[in-house]
Amino acid sequence: MEATKQWLSNYFPCYTLNVSGGVVNPTERLPVAQTVFLSLQHVLAMFGSTVVGPLLMGFNPNTALFFSGIGTILFFICTGGRVPSYVGSSFAFIGVVNSATGFKYVPGGPGNPNVPLASGGILVAGAIYFAVASIVMLAGHHWIDYIMPPVVTGAVVVAIGLNLAGAALAQASASGFDAWMSFTTVIAVALITMYAPGPLRRLPILLGGITGYLVHLILGYCGVGPGIDFTAVKNSKWFGMPPTHAPVFEGSAISLIAPVAVVLIVENTGHVKAVGAMTGHSLDKYMGRAFLGDAIATMVSAACGSTGVTTYAENIGVMSITKIFSTQTFLFAAVVAIILGVIPGFGAIIQTIPSGVFGGLSIILFGLIAVTGARIWVTSNVDFSRPRNLITAGVSVVLGCGMVNGLVVSFGVVKIDGIGCSTLSAIILYQILREDWGDIFRSLVGKSKEGKGANPVMMVADSPKGDSDLPISTSRRDSSDAEEMELERLSSIDIKRTQ
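Treat the numbers as computed from the prediction; the structure is a model and nothing was measured.

For the protein, the count of helices and strands is 23 helices and six strands. The 499 residues of the protein split such that 50% are buried. Contacts in the protein between residues at least 24 apart in sequence constitute 79% of all its contacts with a sequence separation of at least 6. Taken as a whole, the protein presents about 22500 Å² of accessible surface, with 68% of it coming from carbon and sulfur.

Printed below as a string of structure tokens:
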């Protein structure tokens with residue numbers, strides 16, 4: 001028992017009180033009153049996306065809120081309270097879930113009748129994610145950076161945002177009135193982002209959505225546009241557990257949804273590195289545990305008929321403004337989300353959001369996702385003068401943008417949609433188009449000959465110098481060949497330095 005207590009005291013942080021008013025590190029805490037206030041701010045920051053995402057897929061928003069809270073607690077446990085983050089509904093699943101289930105969102109309409117089918121695919125994605133997390137915990141995280149460098153991750157994120165753009169425009173243009181309401185919502189979000197006082201600038205999606213909703217409600221009462229139907233709100237209970245569904249596993253749905261695990265890895269990697277950069281202390285050593293927490297949260301959520309989850313950039317944005325990184329605040333935020341999840345009337349109100357308002361919010365959210373991918377390229381100084389980067393990003397983005405409205409690549413029961421094709425093409429092309437294949441081949445040949453007991457003098461060197469290091473009598477090259485090999489050697493070294 002004593003050993004267990006000692007292990008727990010070392011695994012979880014022993015929070016120290018910080019009243020200096022400066023930066024609050026992950027293992028520090030604020031006074032209780034300030035912690036509660038900050039946790040509510042984190043709930044507000046994640047709220048818009050955590051609710052919008054499930055609605056677009058036809059999932060119950062209360063269920064999504066409830067399991068985002070559960071998932072955040074699981075993430076906290078897996079990371080030992082060392083990585084400050086909130087996990088909420090992932091937008092990466094929207095396109096694939098709608099393709100797999102044939103669902104199209106209609107404000108106030110019925111939910112997705114094929115939620116169990118989608119949950120089965122999401123659960124498999126979580127299991128793949130779990131397997132990758134286990135490998136990272138055993139072998140380290142550096143191979144993730146090798147397979148998915150910034151040009152790949154940026155291309156995938158851009159493709160996700162643009163793949164969903166058509167759905168946003170369809171909602172925004174359902175009618176002429178909806179188009180105007182969409183415009184109003186977009187302007188409201190933009191003005192709040194730029195001119196709202198203090199911390200309100202961190203809540204543009206929530207406040208912009210409320211503004212659009214109130215304008216629509218007022219115009220509806222004035223007879224200028226259609227009113228909002230509150231029948232479902234009147235008939236709903238105010239307390240009760242959110243609905244759950246057992247997952248159903250079907251081959252084609254799994255093949256569409258499961259590849260999103262790669263996107264979750266990309267998102268989580270970027271978020272862990274971003275928080276580490278903001279705190280001034282690298283969190284890369286917790287990468288495997290962060291993957292594990294996100295994977296388990298996704299599997300638990302899917303097993304109960306809810307969406308896949310991911311670490312949230314919105315909450316990272318709050319931390320960047322407040323400079324408060326205490327992981328304790330996310331436990332408080334998780335409890336608030338769980339409480340909101342057991343209030344059905346709250347979910348009924350959310351489902352009354354009109355199409356125009358929803359479309360405006362979607363335009364903003366999906367646009368921000370696409371631009372975030374481009375920001376990855378800029379901040380990572382991706383060199384697009386190199387054909388390898390140019391072709392990788394170009395092909396990936398075009399596939400993500402063009403493969404919409406149910407267009408998939410099929411191999412029997414296996415189906416891959418635009419986001420899946422975009423992700424796989426980026427990963428494969430980047431490796432195929434390596435400039436140093438010659439060096440790799442020479443290295444492999446050299447090791448093969450060494451294994452057979454060949455004379456080391458006759459081997460191809462493992463270093464970038466290649467054949468030019470061989471004696472003239474052995475290589476039998478003339479002077480022009482020697483010059484050509486020297487140029488090749490210098491070129492190879494320069495390529496390696498620019499990678």
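Relative orientation of the contacting elements helix 2 (residues 32–57) and helix 18 (residues 355–379) amounts to 110°, with a least axis distance of 12 Å. Relative to helix 18, the element helix 2 is oriented roughly perpendicular. Residues S49, V52, L55 and L56 of helix 2 form the contact with helix 18, whose own contacting residues are F358, S362, L365 and F366.

Glancing now at helix 18. An α-helical turn contains 3.6 residues, so a residue and the one three or four places further along point in the same direction. Across its 25 residues, helix 18 extends 35 Å between first and last C-alpha, which sits within 8% of the 36 Å expected from 1.5 Å per residue. Downstream of helix 18 by one or two residues, N381 has phi in the positive range, about 55°.

Here we come to the nonpolar core. Counting 97 residues, the largest nonpolar core has F93, V97 and F366 as its most contacted members. Ranked by the residues each element gives to this core, the list is headed by helix 5 (residues 115–139), at nine residues. In contact with V97, other than residues within four places in its own chain, are M57, F59, N112, A118, I122 and I257.

Moving on, we come to the layout of surface pockets. The space that makes up the largest pocket amounts to roughly 1700 Å³. Lining the largest pocket are 50 residues, with H271, A313, L368, T372 and R375 positioned closest to its centre. Of all the elements, helix 18 adds the most residues to the lining of the largest pocket, at nine residues. Considered class by class, the residues forming the lining of the largest pocket number 28 nonpolar, 15 polar and seven charged. N98, F103, K104, A167 and N405 are the residues nearest the centre of the second largest pocket, which is lined by 28 residues in total. Grouping the amino acids of the lining of the second largest pocket by side-chain chemistry returns 15 nonpolar, eleven polar and two charged.

Cut-offs applied
- Residues numbered from 1 in each chain as written.
- Predicted model: local features only at pLDDT ≥ 70, side-chain atom pairs only at ≥ 80, totals over all residues.
- Heavy atoms only, no water.
- Helix = DSSP H or I, 4+ residues; strand = E, 2+ residues; numbered from the N terminus.
- Buried < 20%, exposed > 50% of the residue type's maximum accessible area, 1.4 Å probe, protein only.
- Contact = heavy atoms within 4.5 Å.
- Areas by Shrake-Rupley, 256 points an atom, 1.4 Å probe, with all protein chains shown as cover.
- Axes fitted to C-alpha atoms, helices over the stretch in contact; angles between N-to-C directions.
- Parallel < 35°, antiparallel > 145°, perpendicular 65-115°, else oblique.
- Expected span 1.5 Å × (residues − 1).
- Core = buried A, V, L, I, M, F, W, Y, C linked by side-chain atoms within 4.5 Å.
- 1 Å grid on protein atoms, 1.4 Å probe; cavity = no way out; pocket = protein on both sides within 12 Å on 5 of 7 lines; lining within 4 Å.
- Points joined across faces, edges and corners; volume = space filled by probe spheres on them.
- Nonpolar A, V, L, I, M, F, W, Y, C, P; charged D, E, K, R; others polar.

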